[in-house]
Amino acid sequence: MSVLPLVFTSGWASGINAYAVVLLFGVFGATGLTDEVPESLQRTDVLVVAGALFVCEAVADKIPYVDSIWDTAHTVIRPVSGAVVAALLAGQSGSLPEIAAGAVGGSTALMSHLVKAGTRMAVNTSPEPFSNIAVSTAEDLGVAGIITFAIFHPLAAAIVAGGLLLLGIVIIVFLAAKIRNFRRRKAERRARRRVAATWPD
């Protein structure tokens, strides 16, 4: 079977949490659960770095506003990671050109990242931190579940990932007003801080 479903699913998951994807694939490959994972993802140094960065993301992703800063910093990292993982998976299987796989993985990661970042902006309009923790935990569990499912049922997992991506886009459309209000309030706060800084004592 073509590796395309696995590439698509890994791209979607990379847009949510790229470090979890690398860590999970590496662990599954190293423990012999699958032959689809290239050895470069199974290396001990890669697993240690991915694990450490996953912990950092798990913490930052649950703190209001810090999560949006983190998402902004990862606008390039997540799509690139999705493209690299996809190219490595294609190179391992030989059933899909690596450049095509990288394009699919990277573009899918970018779309799911934008959905995640937009959702977080809307969630951050809520004053309490519990919604951030709940959404972040759901994302972590979702990535773990979909990657595990993809190892054993790649086509079904790709269908689920596609459905989740579509659902996320629909939610973002409905939340667009909240996101615009969030950005406007953020700009107003910056303007007030600038005025306060220049106001004479």
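Values in this document were obtained by computation on a predicted structure and should not be read as measured data.

Thresholds, definitions, all that
- Residues numbered from 1 in each chain as written.
- Predicted model: local features only at pLDDT ≥ 70, side-chain atom pairs only at ≥ 80, totals over all residues.
- Heavy atoms only, no water.
- Helix = DSSP H or I, 4+ residues; strand = E, 2+ residues; numbered from the N terminus.
- Buried < 20%, exposed > 50% of the residue type's maximum accessible area, 1.4 Å probe, protein only.
- Contact = heavy atoms within 4.5 Å.
- Patch = residues over 30% accessible without salt bridge, like charges linked within 9 Å, V, L, I, M, F, W, Y side chains within 5 Å.
- Areas by Shrake-Rupley, 256 points an atom, 1.4 Å probe, with all protein chains shown as cover.
- Salt bridge = Lys/Arg side-chain N within 4 Å of Asp/Glu carboxyl O.
- Arc of directions from axis to C-beta.
- Core = buried A, V, L, I, M, F, W, Y, C linked by side-chain atoms within 4.5 Å.
- Lys, Arg positive; Asp, Glu negative; His and termini not counted.
- Charge placed at Lys NZ, Arg CZ, Asp CG, Glu CD.
- Polar contact = N/O pair within 3.5 Å; in protein donor to acceptor, adjacent residues only side chain to side chain.

A. Focus on the overall build of the chain. In terms of regular secondary structure, the chain is built from seven helices and zero strands. In the chain, the order of α-helices and β-strands from amino to carboxyl end is α-α-α-α-α-α-α. If you line up the chain on its principal axes, its C-alpha atoms span 65 × 35 × 30 Å. Of all 201 residues assigned to the chain, the portion counted as buried reaches 41%. Long-range pairs, those at least 24 residues apart, make up 74% of the contacts in the chain with a sequence separation of at least 6.

B. Seen up close, a nonpolar patch on the surface. Taken together, Phe149, Val160, Leu164, Leu167 and Ile171 make up a surface patch of nonpolar side chains, about 390 Å² in accessible area. In terms of residues, the nonpolar patch owes the most to one element, helix α7 (residues 154-198), which gives four residues. Among the structural elements, Leu164 can be located in helix α7. The partly exposed category is assigned to Leu164, whose relative accessible area is 38%.

C. Examining helix α3 (residues 66-73) more closely. Residues of α3 that are buried include every one of Asp67, Ser68, Trp70 and Asp71, and no others. One side of α3 carries all its buried residues, which in axial view fall inside an arc of 160°. In this structure, α3 carries Ile69, Thr72 and Ala73 as exposed residues pointing more than 90 degrees from its buried face. Of the surrounding elements, those touching the buried residues of α3 are α1 (4-30), α2 (44-60), α4 (77-93), α5 (98-123) and α6 (130-152).

D. Local environment of unusual backbone geometry. Of note in the backbone geometry, Tyr65 takes a positive phi value of approximately 70° without being a glycine. Among the secondary structure elements, Tyr65 is positioned in the loop between α2 and α3.

E. Focus on the environment of Ala191. On the secondary structure map, Ala191 appears in helix α7. For Ala191, a relative accessible area of 31% translates into the label partly exposed. Separated by 73 residues in sequence, Ala191 and Gly118 have C-alpha atoms that sit 23 Å apart.

F. Molecular detail of the pattern of salt bridges. Per the stated rule, a full pass over the model turns up eleven salt bridges. Here Lys62 ties to Asp140 by a salt bridge, and the two come within 3.1 Å at their closest N and O atoms. Note that Lys62 is positioned in the loop between α2 and α3 and Asp140 in helix α6, a separation of 78 residues in sequence. A salt bridge links Arg120 to Asp67; the shortest N-O distance between them is 2.9 Å. Here the residue Arg120 occupies a position in helix α5, and Asp67 occupies one in helix α3, the gap between them amounting to 53 residues. The buried category is assigned to Asp67, whose relative accessible area is 0%. Bridged by salt links that share partners, the residues Glu57, Asp61, Asp67, Asp71, Arg78, Lys116, Arg120 and Glu139 form one connected network.

G. Structural detail: the nonpolar core. Core analysis: the largest hydrophobic core is formed by 30 residues, its most contacted members being Phe25 and Ile147. Among the elements of the structure, α1, α4, α5, α6 and α7 are those that each provide at least two residues to this core. Apart from residues lying up to four places away in sequence, Ile147 is in contact with Ser10, Ala13, Val21, Leu24, Phe25 and Phe28.

H. A look at a positive patch on the surface. A cluster of like positive charges, contributed by Arg183, Lys186, Arg190, Arg192, Arg193 and Arg194, occupies part of the molecular surface. Its place among the elements puts Lys186 in helix α7. Residue classification places Lys186 among the partly exposed positions, given a relative accessible area of 31%.

I. Summary view of the side chain of Ser112. Inspection of the secondary structure puts Ser112 in helix α5. In terms of polar contacts, Ser112 uses its side chain to reach the backbone carbonyl oxygen of Trp12, at 2.8 Å. Every residue in contact with Ser112, bar those within four places of it in the chain, is listed here: Gly11, Trp12, Gly15, Ile16 and Leu165.

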